[in-house]
Amino acid sequence: MAAPVNIVVGSHVWVEDPVEAWIDGEVSRINGLEVHVRTTKGKSVVANISKVFPQDTEAPPGGVDDMTKLSYLHEPGVLQNLAARYELNEIYTYTGNILIAINPFQRLPHLYDTHMMEQYKGAGFGELSPHVFAIADVAYRAMINEGKSNSILVSGESGAGKTETTKMLMRYLAHLGGRSGVEGRTVEQQVLESNPVLEAFGNAKTVRNNNSSRFGKFVEIQFDKNGRISGAAVRTYLLERSRVCQISTPERNYHCFYLLCSAPPEEIERYKLRNPKSFHYLNQSDCYELDGVNDGHEYLATRRAMDIVGISEQEQDAIFRVVAAILHLGNINFAKGEEIDSSVIKDEQSRFHLNMTAELLKCDAQSLEDALIKRVMVTPEEIITRTLDPVNAVGSRDALAKTIYSRLFDWLVDTINNSIGQDPNSKSIIGVLDIYGFESFKSNSFEQFCINYTNEKLQQHFNQHVFKMEQEEYTKEEINWSYIEFVDNQDVLDLIEKKPGGIISLLDEACMFPKSTHETFAQKLYQTFKSNKRFIKPKLSRTDFTISHYAGEVNYQANLFLDKNKDYVVAEHQALLTASKCPFVVSLFPPLPEETSKSSKFSSIGSRFKLQLQSLMETLSATEPHYIRCVKPNNVLKPAIFENANIIQQLRCGGVLEAIRISCAGYPTRRTFYEFLHRFGVLAPEVLEGNYDDKTACIMILDKKGLKGYQVGKTKVFLRAGQMAELDARRAEVLGNAARTIQRQIRTYIARKEFISLRKAAIMMQSYWRGKMACKLFEQLRREAAALKIQKNLRRYISRKSYLTVRASAITLQTGLRAMTARNEFRFRKQTKAAIIIQAHWLCYQAYSYYKSLQKAVIVTQCGWRCRVARRELRKLKMASRETGALKEAKDKLEKRVEELTWRLQLEKRLRVDLEEAKAQETAKLQETLHAMQLQIEEANAMVIREREAARKAIEEAPPVIKETPVIVQDTEKVDSLTAEVEMLKASLIAQTQSAEEAKQASAAAQVQNEELMRKLGDAEKKVDQLQDSMQRLEEKLSNLESENQVLRQQALAISPTAKALSARPKTPILQRTPENGNILNGEAKKSLDSSLALSTPREPESEEKPQKSLNEKQQENQDLLIKCISQDLGFSGGRPIAACLIYKSLLQWRSFEVERTSVFDRIIQTISAAIEVHDNNDVLSYWLCNSATLLLLLQSTLKASGAASLTPQRRRSTSASLFGRMSQGLRASPQSAGFSFLNGRVLGGLDDLRQVEAKYPALLFKQQLTAFLEKIYGMIRDNLKKEISPLLGLCIQAPRTSRASLVKGRSQANAVAQQALIAHWRSIVKSLNNYLKIMRANHVPPFLVRKVFTQIFSFINVQLFNSLLLRRECCSFSNGEFVKTGLAELENWCHGATEDYAGLAWDELKHIRQAVGFLVIHQKPKKTLKEITNDLCPVLSIQQLYRISTMYWDDKYGTHSVSSEVISSMRVMMTEDSNNSVSSSFLLDDDSSIPFTVDDISKTMQQIEVSDIDPPPLIRENSGFSFLLPRAE
């Protein structure tokens, strides 16, 4: 970050601040190298010009997603960009290909759900918003495409979210290449399930984090050649062993110790545990509990996790027995012995803990005591045993505790790896490294030294990777980069690890000498590194030393370096634990080789640490690295708090600023040609107006401004540090001059506008005054004219009032006279009309009575004649029954005759009922008429009385000279005539009653006759039973199954000569009844009865010329022909699919729905399945979609489940008495079926009317399969359309960029051509929609299904466009909103053209993208309130979605701003409330791929299909087995 050279007065800059790290302000004065800055908070700051950095005033308010896009790549710019994004909950930011992840300290589930994984799956790096999934996807794609292993390095300080980030990485990798592991658990699940175990034994509370990992973890995910996860391994590094024995406030020891102390009471008693405060290894710190964590519950959870990873119950008990033994071991204290430099167990309490330790480890207590306080020295002459003083005994005790715990942790890791399983044949891996970050505390010991050494090593790897990326960028752009310097930290690594002479070597050397102390070690360091610039000796300490790391200086205290570095296993300890009676403890300490078993072998933690680190670096060097830097925004671990100083320190420690320094050493500012011209084109307008390509134009602008050292690549301009600020200063100068010119013109315009307004006001005042004078004169003249007019009108009013009074009197007299005349006329007409009505009813009754008597006589005659014919036929049947060869035919004829007789009997019963009902109705009508006539007579009598009274009064009041009027005489005569007519009606009523009685008697006689007929029919039925007994043998052959018997019977009749003869004749119905009243229409019924009887007894030939085929073979042939026919495209007839109608009519005719077992359904389903195997043939799919829907509609209206009330005749194997029941049942169920002919042997009348059938299991299963195929075909058509338009949607979401020429000239013709080319993508979508609509309409797909298809397609378009809008910031712009709005208008036009019948409500499915685009293109967004946005503009969008759009919006056309900060704050508050109320915070939409309809919906929306007049195809038209498909002759 070089010192700026273009800072001038008025420049916006960043200056250092002790509290906020960096603060922005404006330069007020410059004195040499001193810059005076007025900050935005009103404070004045004086700083050196080298410490001042320019601020980008045109940076987007929401920041940029990749910090290499910053105009000024320096420390304050990076910090401001991260702060702006963190405020918007954008926790991920790129720096090149490095991901910076800031811990939000709150749940953001919408960022990590499956839908978000699908969005990043296969997306190019940088195409979508920064995300941890993008890093994982890049690593996975690189592994698949290049076959090279990859690694992802996750680093950061404690509490930055490394572990959670690692979990997200593994979840995404499992999503890409996951497969089921052992017992159904994926490898990723097994790795995650091991986390609770590793956290319990490897995590502890530190100063900065309550759950800090005190070890490094490298998860190695193995993949097979197909990219599927085949195994995994967990490698752990650098466990902090010293924490077992030494902790300080406010830290805690490892979690497992506290969990065991909170175990259930029986386990505490078993291990003789107490409160954690009573154990020395735990009470060195005052912290025993964690806020919000229940150690008892965590203990049970850890036990469950151990069960999951495969640790047995016995092993778990052994593990916690070892943990308890370590706690007891720490409470063993020592005192001085009787001898010099000797020690003994201090007291009984220590002795108790010693015995408990021995008991838990299952070793001898005395041997344990000797191993702690005695050492055996082997010399060539003798073996010497010496005792240790109390200090060394405590060291021996702590060494044993650390060794046991370290071996226990290693055993857990090995067990977990064995549980997960590894793939030895794996060629590719993706490693995820989760390791602690750089640490610098007030007190730093050996642990911090090792951790920082690790980070130095990783930082060197990181720097090399960043430099490599810079080189690749420069090479790709083909620019000269040979002079760029690379900053390396190899000198620090040499200081630490160089052999000999490094700090670790000196530390090992000091540990090997018994008399070495920390002071001698520190002095050795001072002497060795006194001239090393990375090593600093503090002035006030004799044991401290400071190392200048890449992240800053760290001061180390060497007091405990020697103790913490020792890692040897004491031979006495090894022998003790090897001799344990516990197999688990023995497995932790395998026997040492013979040569080392007699003495203690020195081992160094530092050396082992260095070897592990070298192994890790070798693994990382063999892979392609990817980096994630986790950052903790604050130390209080709360959301929405961004501490600048803390962030800067972590960025330094994480190497991010180091990477920026590497970038600044080369070309920190890179801009594409378009972006460079868009920003700096104003510096040379003549270049833009000229006909230059973009690269040449950029070079001309840079040369014009005299810049040196820049580079121009293939697609970008590379600027050195400071050149961007210089260009911005020149640009600001040009824009300032333009602004002054605009101000001058505006001021001129305002002054002229003010003068014109004053002149206009003066003219208006003069006009107003002249008008006022004219108004006064006009008012005087108007008052004079008004007085004359008032006088005239008053005189006219008086005259008119007198005239109206006289006129009203005359009209009143005329009205009275006319009313009296009208009343007399009305009275006469009313009486005349009543008499006519009475006469009409009487004549009607006479005619109807005569008609009913004739009808009754006809019916009685018919019944008698039919009975006679029936007896004659019965005698013929008796004679025919004696003939053995004709038994079958006689039985069939007899059944037909019985059916006809039964039907006639039912008909006669119904006629009698109708006759009685008609008589009752006529009687009721006559009584009502009589009652009405009596009322009229009473009214007439009352009227006569009233008129007589009125006449009498008129006579009394009239003068004597007036003559009597004849009105009374006339009225009296009229009354007399009416009375006579009433008497005559009474007489006729009595006669009618007598005729009704006679009709009843005749009906009773007919009833007796019918009973006699029924008795005779019963006798005939008994005789039929005898015939059936004699034909029992034949019956058994013809009745395989109940429903199959009916099918065979019908087909036998269909192919016999008799049936052929009958079917050739017209099928005249016996009776035709109107559906309104059921009465006989005309006398032709008699002829139809006679003709039907004549046709009922034709003689059949005694033998046939050719043997008939078996019925089963014939049925199989018919099915084969049907399947062959429907496998072809039969087309449509009148909009109805022929195949569906053909299948339905055939199945109904064959009674396949009522069969318990048949294969025809399976064959039909197989035919449909074979036809739709071609998934991309939409024509075939639409054809079968129509057929399936139509056939399903017919089945839905026909089939009913077994057990319901039957609506059709049922054939049962029993005596012929059941035949009468079937006949009567059929007649009751369907009155209209009486008009069908029974002569063709089918109880089923015709196929014209749909009827319900009691379906058996195969039919119901067929219906379910057909429903499934309908849904499958629908889904295939919908998904094909989705696949076709999905690539186009990706091209439709982003608007074309404005051409360079339009920056000066406006929209040019070339830009219009580009717009038309890109709007063509929308038109391609419309073309696809039209194509699918045309195909479905050509195949007569029901409009209901077409509407559903396009509704779901528009929903898919809405989801894809809306999600892309929210995931890509470049799409949330003003010009992009206009572009998408234009495309949506194309879709709206298509909806109008397709009509509502086919488009339905599809346009409403685009509500999300319509409202989002509407929000993007509205002006004056800062003036809109949250209520206006949520209620008026975007009522459908959620707060999360509005917040996302508002924060990502940028105006690339007019430079306007998004909504106000108050609205943003209100949205953030509402989002916080929603998260607290467990409301889903996802801002993305989900695509609904379900089937949006049911069978009931189809039956309700589709019209009923008429299948009777469908013309069968030629293939089966001539086949006799399908004669039922031919239209019937009327």
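Residues numbered from 1 in each chain as written. Predicted model: local features only at pLDDT ≥ 70, side-chain atom pairs only at ≥ 80, totals over all residues. Heavy atoms only, no water.

Novice: Give me the overall build of the chain: which residues, what numbers.
Specialist: Within the chain one finds 48 helices and 28 strands. Per-residue burial over the chain gives 47% buried out of 1530 residues. Restricting the contact set of the chain to residue pairs at least 6 apart, pairs at least 24 apart contribute 73%. Summed over all atoms, the accessible surface of the chain reaches about 77600 Å², with 54% contributed by carbon and sulfur. (Helix = DSSP H or I, 4+ residues; strand = E, 2+ residues; numbered from the N terminus. Buried < 20%, exposed > 50% of the residue type's maximum accessible area, 1.4 Å probe, protein only. Contact = heavy atoms within 4.5 Å. Areas by Shrake-Rupley, 256 points an atom, 1.4 Å probe, with all protein chains shown as cover.)

Novice: Residue-level account of helix H9 (residues 313–330), with values.
Specialist: For H9, spanning 18 residues, the distance from its first C-alpha to its last is 26 Å, which sits close to the expected 26 Å at 1.5 Å a residue. For H9, a buried count of 14 out of 18 residues is recorded, marking the element as mostly surrounded by other parts of the structure. (Expected span 1.5 Å × (residues − 1).)

Novice: Now, about a nonpolar patch on the surface: what can you tell me, with residues and values included?
Specialist: On the surface, Ile-742, Ile-746, Tyr-749 and Ile-750 cluster together into a nonpolar patch covering about 420 Å² of accessible area. If you trace the backbone, Tyr-749 turns up in helix H26 (residues 723–881). (Patch = residues over 30% accessible without salt bridge, like charges linked within 9 Å, V, L, I, M, F, W, Y side chains within 5 Å. Salt bridge = Lys/Arg side-chain N within 4 Å of Asp/Glu carboxyl O.)

Novice: Just give me the short version of the sheet that holds strand E23 (residues 711–712), but keep the residues and values in it.
Specialist: The pairing of strands in a sheet comes from backbone hydrogen bonds and takes either a parallel or an antiparallel form. As summarised here, the arrangement of the three strands in space is E22-E24-E23, forming an open sheet in which the pairing is antiparallel. Two strands lie at the open edges of the sheet, namely strand E22 (669–672) and E23, each paired on one side alone. Bridging between E22 and strand E24 (residues 716–719) involves four bridges; their strand directions are antiparallel. Across the sheet, the residue bridging to Arg-670 is Phe-718, located in E24. Here helix H23 (residues 673–680) sits on the sheet and contacts E22, E23 and E24; the angle it forms with E22, its principal contact strand, is near 95 degrees. (Pairing = 2+ DSSP bridges. Axes fitted to C-alpha atoms, helices over the stretch in contact; angles between N-to-C directions.)

Novice: Could you give an account of unusual backbone geometry, naming the residues involved and the relevant values?
Specialist: Residues Thr-249 and Pro-250 are joined by a peptide bond in cis, for which omega reads 5 degrees. Here Pro-250 lies in the loop between strand E12 (229–237) and helix H6 (255–261). A positive phi angle is found at Ala-21, which is not glycine, with a value near 70 degrees. Mapping Ala-21 onto the fold places it in strand E2 (residues 21–31). One non-glycine residue with positive phi stands out, namely Thr-1395, at about 70 degrees. Residue placement: Thr-1395 occurs in helix H42 (residues 1374–1399).

Novice: Go over the confidence of the model for the chain with me, naming the residues and quoting the values.
Specialist: Looking at the chain, the pLDDT average stands at 79 and 84% of residues meet or exceed 70. Overall, residues 595–600 carries pLDDT values under 50, and its contacts beyond four positions in sequence, including any with other chains, amount to 10 contacts. Long-range and interchain partners of residues 960–969, a stretch whose pLDDT sits below 50, account for one contact in this model, where long-range means more than four residues apart. (pLDDT = per-residue confidence, 0-100.)

Novice: Help me get a handle on the packing of helix H15 (residues 503–512) against helix H16 (residues 518–528), residues and values and all.
Specialist: Packing of H15 against H16 brings their axes to within 10 Å, and their N-to-C directions diverge by 145 degrees. Crossing geometry of H15 relative to H16 is assigned as right-handed. In contact with Ile-503, Leu-506, Leu-507 and Ala-510 of H15, H16 contributes Phe-521, Lys-524, Leu-525 and Thr-528. Considered class by class, the residues forming the contact of H15 with H16 number six nonpolar, one polar and one charged. (Left-handed = near helix turned anticlockwise from the far one by under 90°. Nonpolar A, V, L, I, M, F, W, Y, C, P; charged D, E, K, R; others polar.)

Novice: Explain the nonpolar core residue by residue, including any values.
Specialist: Ranked by internal contacts, the top residues of the largest apolar core, which has 265 residues, are Phe-201, Phe-257, Ile-628, Leu-1387 and Trp-1390. Ranked by residue count, the leading element in this core is helix H41 (residues 1343–1367), at 15 residues. Aside from chain neighbours lying at most four places away, what touches Ile-628 is Leu-99, Ala-101, Val-132, Ile-135, Ile-152, Leu-153, Val-154, Ser-155, Thr-165 and Leu-169. (Core = buried A, V, L, I, M, F, W, Y, C linked by side-chain atoms within 4.5 Å.)

Novice: How would you summarise the pairing of strand E21 (residues 624–631) if you had to cite specific residues and measurements?
Specialist: A large share of E21 lies buried, amounting to eight of its eight residues. Covered by surrounding structure in E21 are Glu-624, His-626, Ile-628 and Cys-630 together with Pro-625, Tyr-627, Arg-629 and Val-631, the residues of both alternating faces. Where strand E7 (residues 98–102) meets E21, four bridges bridge the pair, whose relative direction is parallel. By the bridge assignment, Ala-101 is partnered in E21 with Cys-630. Pairing of strand E8 (residues 150–155) with E21 involves six bridges; the strand directions are parallel. Bridge pairing in E21 links Ser-155 to Arg-629.

Novice: So what about the sheet that holds E21? Which residues, and what values?
Specialist: On the basis of which strands lie adjacent, the open sheet formed by seven strands has the order E6-E7-E21-E8-E17-E11-E12 and mixed pairing. Each edge of the open sheet carries a strand with a single partner, namely strand E6 (92–95) and E12. The average angle at which neighbouring strand axes cross in this sheet is 20 degrees, direction not considered. One ladder, built from eight bridges, connects strand E11 (residues 216–223) with E12; its direction is antiparallel. Looking at the pairing, Lys-217 lines up with Thr-236 of E12. Those strands touched by helix H3 (residues 132–146) are E6, E7, E8, E11, strand E17 (428–434) and E21, and its axis lies near 155 degrees from that of E8.

Novice: Give a description of the environment of Ile-1138 that names residues and reports values.
Specialist: Positionally, Ile-1138 belongs in helix H34 (residues 1138–1149). The buried category is assigned to Ile-1138, whose relative accessible area is 9%. Sequence separation between Ile-1138 and Thr-1190 is 52 residues; the distance between their C-alpha atoms is 9.9 Å. Those residues within four positions of Ile-1138 in sequence are excluded, and the remaining contacts are Leu-1130, Gly-1131, Phe-1132, Ser-1133, Ile-1510, Asp-1511 and Pro-1513.

Novice: A description of a positive patch on the surface should follow, citing residues and the corresponding values.
Specialist: A cluster of basic side chains, namely Lys-789, Lys-792, Arg-796, Arg-800 and Arg-807, defines a positive patch on the protein surface. Within the fold, Lys-789 resides in helix H26. (Lys, Arg positive; Asp, Glu negative; His and termini not counted. Charge placed at Lys NZ, Arg CZ, Asp CG, Glu CD.)

Novice: Mind laying out the side chain of Lys-632, listing which residues take part and the relevant values?
Specialist: One can find Lys-632 in the loop between E21 and helix H21 (644–653). Filtering out sequence-adjacent residues up to four positions away, Lys-632 remains in contact with Phe-105, Glu-157, Ser-158, Gly-159, Ala-160, Arg-208, Leu-637, Asn-646, Ile-647 and Gln-650.

Novice: Which residues make up helix H1 (residues 75–87), and what values do they have?
Specialist: Spacing of three or four residues puts side chains on the same side of an α-helix, whose turn is 3.6 residues. The end-to-end C-alpha separation of H1 is 19 Å, in line with the 18 Å expected for 13 residues at 1.5 Å each. Counting buried residues along H1, 10 of its 13 residues qualify, which places the element largely inside the surrounding structure. What H1 keeps buried is the set Glu-75, Pro-76, Gly-77, Val-78, Leu-79, Asn-81, Leu-82, Ala-84, Arg-85 and Tyr-86. Once H1 finishes, Asn-89 follows within two positions and takes phi at roughly 65 degrees, a positive value.

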